[in-house]
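Residue-level listing of the chains:
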Amino acid sequence: MPNSLAPISFPCALGLVKERLAAAAKRAKRSAEEIDILAVTKTISAERMEEALALGLRQFGESRVQEADKKREIFAARFPPDKAPRWHLIGHLQSNKVRRAVALFDCIQSVDSLKLAELLAAEGERRAHPISCLVEVKISNEATKQGMPPDNLAPFLERAARLSFLRIEGLMGVAPLFKDVEKTRPYFSALRTLFERNKNAFLVDRPILSMGMSQDFEVAVEEGSTMVRLGSALFGARS
Ligand SMILES: *Cc1c(COP(=O)(O)O)cnc(C)c1O
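Everything numeric here is computed off the predicted structure, so don't read it as measured data. (Residues numbered from 1 in each chain as written. Predicted model: local features only at pLDDT ≥ 70, side-chain atom pairs only at ≥ 80, totals over all residues. Heavy atoms only, no water.)

Trainee: Summarise helix 7 (residues 153-160); cite the residues concerned and give the values.
Mentor: Looking only at helix 7, the buried set comprises Leu153, Phe156, Leu157 and Ala160. What you see down the axis of helix 7 is that its buried residues fit within an arc of 100 degrees, all on one side. The inward-facing, buried residues of helix 7 contact strand 4 (107-111), helix 6 (114-127), strand 5 (131-137), strand 6 (166-173) and helix 8 (185-197). (Buried < 20%, exposed > 50% of the residue type's maximum accessible area, 1.4 Å probe, protein only. Helix = DSSP H or I, 4+ residues; strand = E, 2+ residues; numbered from the N terminus. Arc of directions from axis to C-beta. Contact = heavy atoms within 4.5 Å.)

Spelled out as structure tokens, the structure:
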């Protein structure tokens, strides 16, 4: 798209995303209802997040504890039970921010080590409330990408099952960036296989397979994603 075009309005962008998501689901003979949209709001102002809430988005993803902390008014706002948003941390979590992260977020999508899992479980025990999380799996070989090596997943899940204040709800992954989006398919397919193989470890009614971003969410949906994490497709390019 030429960048001379005026940015499309947020309601319009959301409508477009929903159409593309429904079409991708249909191609895979899936129902679009099975797939949640996580609105990724890093760098997005609290005002625009209010707009997203008004349009019915109920799940938000932030990358940094500090930024979420600054938006704490929205985080702390009281919503009626059927309208309460669910907040997800999708960026790397440092051990020294575990307590703050647990206070702010409903789900930590970036668990990538047993040490972090243990710290979260300890915080859950302190609060007498299990901490919901996903395991971030490193599906690309890029050195800069976060996540647990796929081979470590099964032994990790076995050990983490003993942490009673940790509730693992599924897996998260980030595919490498390609010009040709079709090239992401084997990465998503590999994560889906890991997800299916370890499904017994996810003790919730609807385990979460969090994969697909603005660039590649249609391929991810075709490969079985149950949650797409969308920033720029909804809010426009980040500055
Ligand atoms: C920023 C981010 C996203 C959203 O990226 P877009 O390309 O803007 O959709 C999704 N997942 C993670 C882990 C991110 O850091």
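Once you've had a look at it, read on.
Trainee: Would you mind going over the environment of Lys97 in detail, with residue names and values included?
Mentor: In this structure, Lys97 sits in the loop between strand 3 (86-89) and helix 5 (98-104). On a C-alpha basis, the gap between Lys97 and Tyr187 in space is 30 Å, while along the polypeptide they are 90 residues apart. Setting aside its immediate chain neighbours within four residues, Lys97 contacts Val65 and Gln66.

Trainee: Any details on the site of the ligand? Residues and values, ideally.
Mentor: Close to the ligand lie Val40, Lys42, Ser63, Ile90, Met213, Ser214, Arg229, Leu230, Gly231, Ser232 and Arg238. Between the ligand and Arg229 there is a distance of 2.9 Å, counted from a nitrogen atom to a side-chain nitrogen or oxygen. A distance of 2.7 Å separates an oxygen atom of the ligand from a polar backbone atom of Ser232. Computed on the free molecule, the ligand has an accessible area of 390 Å², of which 88% lies beneath the protein chains in the complex. Along the lines of polarity and charge, the residues of the shell around the ligand split into four nonpolar, four polar and three charged. (Near = heavy atom within 4 Å. Polar contact = N/O pair within 3.5 Å; in protein donor to acceptor, adjacent residues only side chain to side chain. Areas by Shrake-Rupley, 256 points an atom, 1.4 Å probe, with all protein chains shown as cover. Nonpolar A, V, L, I, M, F, W, Y, C, P; charged D, E, K, R; others polar.)

Trainee: Describe in detail the pairing of strand 2 (residues 59-62), supporting the description with residues and values.
Mentor: With burial as the criterion, each face of strand 2 is covered, one bearing Gln59 and Gly61 and the other bearing Phe60 and Glu62. Examined bridge by bridge, strand 1 (residues 36-40) and strand 2 share two bridges and lie parallel to one another. Of the residues in strand 2, the one forming a bridge with Val40 is Gly61. Taken together, strand 1, helix 2 (residues 46-54) and strand 2 constitute a β-α-β crossover, and its handedness is right-handed. Relative to strand 3, strand 2 is paired through four bridges, and the arrangement is parallel. Bridge pairing links Glu62 to Leu89 in strand 3. (Pairing = 2+ DSSP bridges. Right-handed = clockwise from strand over helix to strand, strands pointing away.)

Trainee: Outline unusual backbone geometry, supporting the account with residue identities and numerical values.
Mentor: Even without glycine at this site, Lys29 takes up a positive phi of about 55 degrees. If you trace the backbone, Lys29 turns up in the loop between helix 1 (10-27) and strand 1. Although it is not a glycine, Thr43 adopts a positive phi angle of roughly 70 degrees. Relative to the elements of secondary structure, Thr43 occurs in the loop between strand 1 and helix 2.

Trainee: How would you explain the side chain of Gln109 if you had to name every residue and give the values?
Mentor: Positionally, Gln109 belongs in strand 4. Gln109 sits in the buried class, given a relative accessible area of 0%. A polar atom in the side chain of Gln109 sits 2.9 Å from the side chain of Ser210. Here Gln109 is in contact with Leu38, His88, Leu89, Ile90, Leu134, Val135, Glu136, Met172, Ser210, Met227 and Arg229, once residues within four sequence places are set aside.

Trainee: Give me the lowdown on the environment of Ser232, citing residues and values where you can.
Mentor: Tracing the sequence through the fold places Ser232 in helix 10 (residues 232-235). As for Ser232 and Met213, which are separated by 19 residues in sequence, their C-alpha atoms are 8.8 Å apart. When sequence neighbours within four positions are dropped, the list of residues in contact with Ser232 reads Ser214, Ala237 and Arg238. Engagement of the side chain of Ser232 in a polar contact is seen with the side chain of Ser214, the distance being 3.3 Å.

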